[in-house]
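Remarks on the overall topology
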Amino acid sequence: MLHFMSERLQNLRKARNTASSVFTQILQLNSKYESPLFCCFEGEDFKYYGVRVEQVKTKEHDKLIPLKCGGKKEVIRLYELISKEETLESRDILYFVDLDFDESIGDKKEKIYETPFYSIENFYTTRCAFEKILSAELKIDETEDNYQFCVEKFLERQKEFHDGILYLNAWIYCQRKANVDKLYLNEFKLNSIMSIATIDRISFNNYDKNFLKECLPNSIDISDEEIESAKLVLSTKPQEKFRGKFEVEFLYEFITELIRKINSKQNPFEKCKKVGLSISKTNILSELSQYALTPTCLKEYIKKSA
């Protein structure tokens, strides 16, 4: 029943956010503004891209219009529809997609921005991004002893987290390579496999492909050899290659626990200032957007196109 309702909701959303529907919106809006800037993106990604487009664009536009597409395939389809429409030929239109576990979009990267990491969420979980949050929001300066302590704890826990979800990411990677589209990954709860999550330790319950198949019944059977091969592909740069929503969930858990320890004056944070930052899982992309990595390739794409 849960999967049926989820699929029905997804179908309703898709009807609003298909390439054809968004294309119709653009045609309607095109004559309304003298110099619009259309931004076409997946899901909630404008929470990340919006401020960066405003900061980096080189032209003046009378209106920046965000347009939510259902997913990567719809963004690409939209680009293909627009590229054939003469009335939009001179308009500034930006397209943004995540790399995910897919093959690169190749030649289309000239017109469509593709993240060099798995997704925009991975831009939030770099060491540099965490250090910005530490200084700006948690009020721990680089000159303080606690600064290096927090950075080391973050990197240690991130490695433990990556070790614990390597198998999960490899299994999902194999599902994607087998063209399984509807896994309903948003229904998968990390706490079903992660037993402890503190700034001192992250540990996981034992789990295998049978457990994952039970959690995500739309999946297909994957051989152990395929999973081991995928683990080799993904383990080289896990922070960049692992599924972004898992990565940002780790960030949320770590920062939330760190704030709790600071505000309760637990060792070694007895002398730290109280932290007023309050983040939520649903809005973390908006709340921490200014600290996320902005790759050079993204800046160059926006400058060139807008």
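Please refer to the structure placed before this passage.
Rules and cut-offs
- Residues numbered from 1 in each chain as written.
- Predicted model: local features only at pLDDT ≥ 70, side-chain atom pairs only at ≥ 80, totals over all residues.
- Heavy atoms only, no water.
- Axes fitted to C-alpha atoms, helices over the stretch in contact; angles between N-to-C directions.
- Helix = DSSP H or I, 4+ residues; strand = E, 2+ residues; numbered from the N terminus.
- Parallel < 35°, antiparallel > 145°, perpendicular 65-115°, else oblique.
- Left-handed = near helix turned anticlockwise from the far one by under 90°.
- Contact = heavy atoms within 4.5 Å.
- Nonpolar A, V, L, I, M, F, W, Y, C, P; charged D, E, K, R; others polar.

**Considering the packing of helix 5 (residues 127-136) against helix 10 (residues 244-263)**
Following both chains from N to C, one finds helix 5 and helix 10 inclined at 25°, their axes separated by 13 Å at the closest point. Considering their axes alone, helix 5 and helix 10 lie roughly parallel with respect to each other. With respect to the hand of their crossing, helix 5 and helix 10 are arranged in right-handed fashion. Facing F130, I133 and L134 of helix 5, the residues of helix 10 in contact are L251, F254, I255 and L258. Residues of the contact of helix 5 with helix 10, tallied by class, amount to seven nonpolar, no polar and no charged.

**A closer look at the packing of helix 2 (residues 19-30) against helix 4 (residues 72-82)**
The N-to-C vectors of helix 2 and helix 4 enclose an angle of 45°; their axes lie 8 Å apart at closest approach. The orientation of helix 2 with respect to helix 4, classified from their angle, is oblique. Judged by the sense of rotation from one axis to the other, the crossing of helix 2 with helix 4 is right-handed. Judged by residue contacts, A19, S20, V22, F23 and I26 of helix 2 engage E74, R77, L78, L81 and I82 from helix 4. Residues that form the contact of helix 2 with helix 4 fall into these classes: seven nonpolar, one polar and two charged.

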